[in-house]
Amino acid sequence: MYWKETMRQMNDIGVGSLTIIMLISVFIGAVTAVQFSYQLGSAMVPRYYVGYIVRDITIIELAPTITCLVLAGKVGSNIAAELGGMRQKEHIDAMEIMGVNTASYLILPKVIAALFVVPLLVCLAAFVSIAGGYTATVPTGYFTGPEYIQGLRSFFDPYNVFMMFVKATVFGYILTTVSCYMGYYVTGGSIELGRASTNAVVYSNILILLADYVIAVILTG
Amino acid sequence: MIRVENIKKSFGDLEVLKGINLEFYKGKTNIIIGRSGAGKTVLLKLIVGLYPPTSGKIYYGNTDFLSLNAKQLRAIRMKVGMLFQQGALFDSMTIQENIRFPLDMFSTMTLKEKNLKVSATLERVDLVGKEGLFPSEASGGMQKRVGIARAIVLEPEYLFCDEPNSGLDPKTSIVIDQLISNITHERNITTIINTHDMNSVMEIGENIALLADGYLEWQGHKSEVLTSENEELHRFIFASPFLKKLRDKAIGK
């Protein structure tokens, strides 16, 4: 049952969020590439640097942070509403009386699913974002394909990928645990359920940004 | 048998239960009645452990329910089935999956054995052929029967029913009452029903407890209701003039 539930959560969090994450990532990469090529256009900076900047800013910051902020909105509110609804409709009480450890059955699969799936989503977002930068700038003539590719291949530090996965894992943990907490302990009626869902998103976002700063300080210090 | 001793429960400054002493007997349909806000649901939830009492003791047989550790509590809860007021059926599961859920969680049966058990339980509650429906596709009466089936599929020793007839028409209510009563006697289990339905009280009430203002006001068999001198019991059960007339006629007033 736990395995089945974990698989279901992986599908909900991962496959269910693919479209929105891909869409956002394409535009993040595109906007980053266009704006950096504009900012560096008149400077004495080689044009291939744009590819390098897009790659690193995506891997280190934009892919994990923006992806997880979006997931906090989509998945976090969904988790809080699902658990809150189960609490209000006495589903959780029913499970408790059956002897089911509800925290373990309802929360753990979500957290485990997020710990596996969110880093994968973030990794995919990074690839799509870099491809989005290429699509937005090369065909439109900002610079040539080889220049962009040269930038992507320059000054690569695998440690940045490690940093991306650390952030993705921590953010995935934050967004699921905060949302589960908000939903699991909801009391009252539909107004409180709506409030819990909103709070799940707000607190997850704040904690993700705070964690982003802390991780940045620790891993780059 | 379940026994509660001097149970008190407060929510903030509001004292809902002010010291209840009660026994619920094995093989009998024990019914808790009382006005809205009398503390019936709170008492039921205290007994099943969903709320902790402010003070008092709860015994399942000779076992002190409140002093159990998590493992012992889980063992007791596997002997408990509960029918909730709103059914508490899992919306994303079919009727078959809802009833199979306790078996999936706790039994070592194969899927085929579990499905056979579910089929037998469905037959007992007269829902053969409805396995594939989702709760939203079932009527109120069917949902209650699914709730009963899920509550009894692990063959519990204790069955709790919170307002089993709420939202049901009188005819369906009688069917549900009879089903609960029959299961209680067939399996010799301790059943506690929390209800407002006076028909249930007079039809299947073998040990009726009336709660009023946080205290146990009256306790007795359905046959004693008509002859009891307890005014609160009469005010509650014969609240309507029609029922009052019937009662007067029955006792020859």
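Residues numbered from 1 in each chain as written. Chains lettered and ligands numbered in written order. Predicted model: local features only at pLDDT ≥ 70, side-chain atom pairs only at ≥ 80, totals over all residues.

**Examining the interface of chain B and chain A**
And step 1. With 15 residues of chain B in contact, the opposing surface of chain A contributes eleven residues.
And step 2. For the side of chain B that touches chain A, the secondary structure elements donating two or more residues are α2 (70-77), β6 (80-83) and α3 (95-106) of chain B.
And step 3. Among the elements that line the side of chain B that touches chain A, the one with the most residues is α3(B), at four residues.
And step 4. In terms of residue class, the side of chain B that touches chain A is made up of eleven nonpolar, one polar and three charged. (Contact = placed C-beta atoms within 7 Å. Helix = DSSP H or I, 4+ residues; strand = E, 2+ residues; numbered from the N terminus. Nonpolar A, V, L, I, M, F, W, Y, C, P; charged D, E, K, R; others polar.)

**Examining the domain arrangement of chain B**
Residues and elements named next belong to chain B.
And step 1. With domains assigned, chain B is organised as domain 1 (2-79 + 156-250) and domain 2 (91-155).
And step 2. Computed from C-alpha atoms alone, the centre-to-centre distance between domain 1 and domain 2 is 25 Å.
And step 3. Each partner contributes residues to the interface: domain 1 has 13 residues there, and domain 2 has ten residues.
And step 4. No other element matches helix α6 (residues 170-187), which puts seven residues into the side of domain 1 that touches domain 2.
And step 5. Grouping the amino acids of the side of domain 1 that touches domain 2 by side-chain chemistry returns ten nonpolar, two polar and one charged. (Domains from an automatic or database assignment.)

**A word on helix α9 (residues 241-250) of chain B**
And step 1. Little of α9(B) is tucked away, with zero of its ten residues classed as buried.
And step 2. Immediately downstream of α9(B), the backbone of Gly252(B) shows phi near 75°, a positive value. (Buried ≥ 20, exposed ≤ 12 C-beta atoms within 10 Å, placed from the backbone.)

**Notes on the packing of helix α3 (residues 49-88) of chain A against helix α5 (residues 102-137) of chain A**
Residue and element names in this part refer to chain A.
And step 1. As a packed pair, α3 and α5 sit with axes 8 Å apart at the nearest point and diverge in direction by 140°. Comparing the axis directions of α3 and α5 gives the class oblique. Handedness of the crossing formed by α3 with α5: right-handed. For the pair α3 and α5, the contacting residues are Val54, Arg55, Thr58, Ile59, Leu62, Ala63, Pro64, Thr67, Cys68, Leu71, Ile79 and Leu83 in the first and Leu106, Lys110, Val118, Leu121, Val122, Ala125, Ala126, Ser129, Ile130 and Gly133 in the second. (Axes fitted to C-alpha atoms, helices over the stretch in contact; angles between N-to-C directions. Parallel < 35°, antiparallel > 145°, perpendicular 65-115°, else oblique. Left-handed = near helix turned anticlockwise from the far one by under 90°.)

**Points about the sheet that holds strand β4 (residues 55-60) of chain B**
Pairing between the strands of a sheet is mediated by backbone hydrogen bonds and can be parallel or antiparallel.
Residue and element names in this part refer to chain B.
And step 1. Read across the sheet, four strands follow the order β2-β1-β4-β5 without closing on themselves; strand pairing throughout is antiparallel. Two strands bound the open sheet, and with one partner strand each, they are β2 (14-24) and β5 (63-64).
And step 2. One ladder, built from eight bridges, connects strand β1 (residues 2-11) with β2; its direction is antiparallel. Following the sheet pairing, isoleucine 7 is matched in β2 by isoleucine 20.
And step 3. Here helix α1 (residues 40-48) sits on the sheet in contact with β1, β2 and β4, set at roughly 120° to β1. (Pairing = 2+ DSSP bridges.)

**Section: unusual backbone geometry**
And step 1. Here Glu90(A), not a glycine, exhibits a phi torsion of approximately 65°, which is positive.
And step 2. Within the secondary structure, Glu90(A) is located in the loop between α3 and α4 (91-98).
And step 3. A count of 20 C-beta atoms within 10 Å places Glu90(A) in the buried class.
And step 4. The backbone of Asp126(B) sits at a positive phi, close to 60°, despite the residue not being glycine.

**Describing α4(A)**
And step 1. Burial analysis of α4(A) places six of its eight residues in the buried class, the great majority of the element.
And step 2. Within α4(A), burial applies to His91(A), Ile92(A), Ala94(A), Met95(A), Ile97(A) and Met98(A).
And step 3. Buried residues along α4(A) sit against α3 and α5 of chain A together with α1, α2, β6 and α3 of chain B.
And step 4. Phi for Gly99(A), located one or two positions after α4(A), is positive at around 95°.

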